[in-house]
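Summary of structural features
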Amino acid sequence: MGEIRQSYLVAAASAMSLLRDPAVRAAWDKPSALTEFSVAGLAGHLAHQIVRVTDVLDSGEQPGAPIPLIEHYTRSPWVQAGLDHESNVSVRVGGQAAAADGHAALVERTQALLDRLLAELPAEPADRVVRLPWTGWSLRLDDFLLTRVMELVVHSDDLAASVGVETPELPPSINEPVVELLARLAVHRHGATAVIRTLSRAERAPATISAF
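Residues numbered from 1 in each chain as written. Predicted model: local features only at pLDDT ≥ 70, side-chain atom pairs only at ≥ 80, totals over all residues. Heavy atoms only, no water.

The next point concerns the packing of aromatic side chains. Tallying each qualifying case throughout the model produces two aromatic pairs. Aromatic pair Tyr73 and Phe212: ring centres 6.0 Å apart, planes at 40 degrees, arrangement tilted. You can see Tyr73 sitting in helix α4 (residues 69–75) and its partner Phe212 sitting in the segment after α9 (192–200), a full 139 residues away along the chain. Each ring, one from Trp134 and one from Phe144, has its centre 6.0 Å from the other, and the planes form 55 degrees; the classification is tilted. Residue Trp134 is located in the loop between β1 (129–132) and β2 (137–140), and its partner Phe144 is located in helix α7 (residues 141–163); the two are separated by 10 residues in the primary sequence. Judged by relative accessible area, Trp134 falls into the partly exposed class, the value being 34%. Geometry around Trp134 places Arg52 over its ring, the cationic atom sitting 3.7 Å from the centre. (Phe/Tyr/Trp six-rings, centres within 6.5 Å; stacked < 30°, edge-to-face > 60°. Helix = DSSP H or I, 4+ residues; strand = E, 2+ residues; numbered from the N terminus. Buried < 20%, exposed > 50% of the residue type's maximum accessible area, 1.4 Å probe, protein only. Lys NZ or Arg CZ within 6 Å of the ring centre and 35° of its normal.)

What follows is the structure, encoded as structure tokens:
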């Protein structure tokens, strides 16, 4: 099994452990650390990073030629859109809907999907291409899994901060590809000079080099 596939499964298992935390259940109906997201909605969105993978593996649509990973983000309207953009509203609504039947149901349902992926993902062909039905384009499966690893890492930190627990510790095999992806996106958005200055010269650093 490829390294990114193993990293995805480890990150997903870590996210499941966080979702099960009693602190998440206790704060279920409270606001999260993300604007306009409840803890329940954020938990639903975190769980959705497991749902999405089963969705693409199950899709009966014939994939087209895969596009490069950075182009996937440049085509996606949510990347630089405001909170009120329909794409971001849809994300919040979807997270809330996923959590509508409560903490225990979300955990049970998502764990069942992860159990399935633990069995099935290692057997997927190394060159598998998947169509993303919600975008209309295709990615290499491993590129898509990297996008999900990034989402799992970022939103696990969001959820942990929201409920007052420590952010899960993850190995370099997970964190390093995420840092690299975010750096590439930050360079694409702000330019190499801005990123280099932020990492090396605090006195000349721009206000932000956020990837999104």
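Here the narrative resumes.
The two faces of β1 differ: Val130 and Leu132 on one face are buried, but Val129 and Arg131 on the other face are not. As judged from the four bridges shared by β1 and β2, these two strands associate in the antiparallel manner. Looking at β2, one finds that Val130 is bridged to Leu139. Counting the residues that bridge the hairpin from β1 to β2 gives four residues, and of these Gly136 lies at a positive phi of roughly 95 degrees. (Pairing = 2+ DSSP bridges.)

Moving on: the side chain of Arg148. Tracing the chain through its elements places Arg148 in helix α7. Buried and without a salt bridge, Arg148 has Glu151 as its closest oppositely charged side chain, separated by 4.7 Å. Of the polar contacts made by the side chain of Arg148, one reaches the side chain of Gln49; its length is 2.6 Å. Ignoring anything within four residues of it in the chain, the contact list for Arg148 reads Tyr8, Gln49, Arg52 and Val53. (Lys, Arg positive; Asp, Glu negative; His and termini not counted. Salt bridge = Lys/Arg side-chain N within 4 Å of Asp/Glu carboxyl O. Polar contact = N/O pair within 3.5 Å; in protein donor to acceptor, adjacent residues only side chain to side chain. Contact = heavy atoms within 4.5 Å.)

Time to look at the nonpolar core. Core analysis: the largest hydrophobic core is formed by 54 residues, its most contacted members being Tyr8, Leu19 and Leu159. If you list the elements that add at least two residues to this core, you get α1 (3–20), α3 (39–58), α4, α6 (103–120), β1, β2, α7 and α8 (172–190). Contact partners of Tyr8, with chain neighbours within four places excluded, come to Gln49, Ile50, Val53, Leu117, Leu121, Leu145, Arg148, Val149 and Leu152. (Core = buried A, V, L, I, M, F, W, Y, C linked by side-chain atoms within 4.5 Å.)

Right, let's get into the pattern of salt bridges. Going through the model one piece at a time under the given rule, you end up with eight salt bridges. Glu71 serves as the salt-bridge partner of Arg75, at 2.8 Å between the closest nitrogen and oxygen. One end of the pair is Arg75 and the other is Glu71, both in helix α4 and four residues apart, which spans about a single turn. Residue classification places Arg75 among the partly exposed positions, given a relative accessible area of 39%.

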